[in-house]
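Coordinate inspection notes
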Amino acid sequence: YVACDSPPIPCSRDPDQILCIYNANIDVYELKTELDAGAMFARHIGQRMYRGEYYALQVGVDAGIVFSDGWDEELIRQLDATNNDMAVISTYLSETKIRDANRPPCLD
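Residues numbered from 1 in each chain as written. Predicted model: local features only at pLDDT ≥ 70, side-chain atom pairs only at ≥ 80, totals over all residues. Heavy atoms only, no water.

1. Some details on the confidence of the model for the protein chain
When pLDDT is averaged along the protein chain, the result is 80; 79% of the residues meet or exceed 70. Confidence, read as mean pLDDT per element, is least for helix H2 (residues 39-49) in the protein chain (85) and greatest for helix H3 (residues 71-81) (92). (pLDDT = per-residue confidence, 0-100. Helix = DSSP H or I, 4+ residues; strand = E, 2+ residues; numbered from the N terminus.)

Below, the structure is given as structure tokens:
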């Protein structure tokens, strides 16, 4: 098991890794599988974690999800293009690819 917020190399040895630089901005909620109560419960937990951040992303991430480079800048660009401070961008993921079986998908 490798946690999604744990860098491959300890930060004490390589502090320039993305997960070391932005670790204070990352919140992870881990739930034991036997306690899972479905998507509605997951959304509830996500809302409970919200602390007034300007941007918030809630995504059901599983082992098959890989984020592309620049995904966050693209979402911000799309949000800005709406010219609406209350806009919500929503999608249903339609395709997944795993690039490197030895690397946790959350680190891509």
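2. Describing the pattern of salt bridges
Within the structure shown, the criterion is met by one salt bridge. The partner of Glu74 in a salt bridge is Arg77, with the nearest N and O atoms 2.6 Å apart. Within this pair, Glu74 and its partner Arg77 are both found in helix H3, separated by three residues, close to a single helical turn. (Salt bridge = Lys/Arg side-chain N within 4 Å of Asp/Glu carboxyl O.)

3. Examining unusual backbone geometry
In this structure, Asn83 is a non-glycine residue whose phi angle is positive, near 55 degrees. In this fold, Asn83 is placed in the segment after H3. Residue Asn83 is classed as exposed on the basis of its relative accessible area, which comes to 74%. (Buried < 20%, exposed > 50% of the residue type's maximum accessible area, 1.4 Å probe, protein only.)

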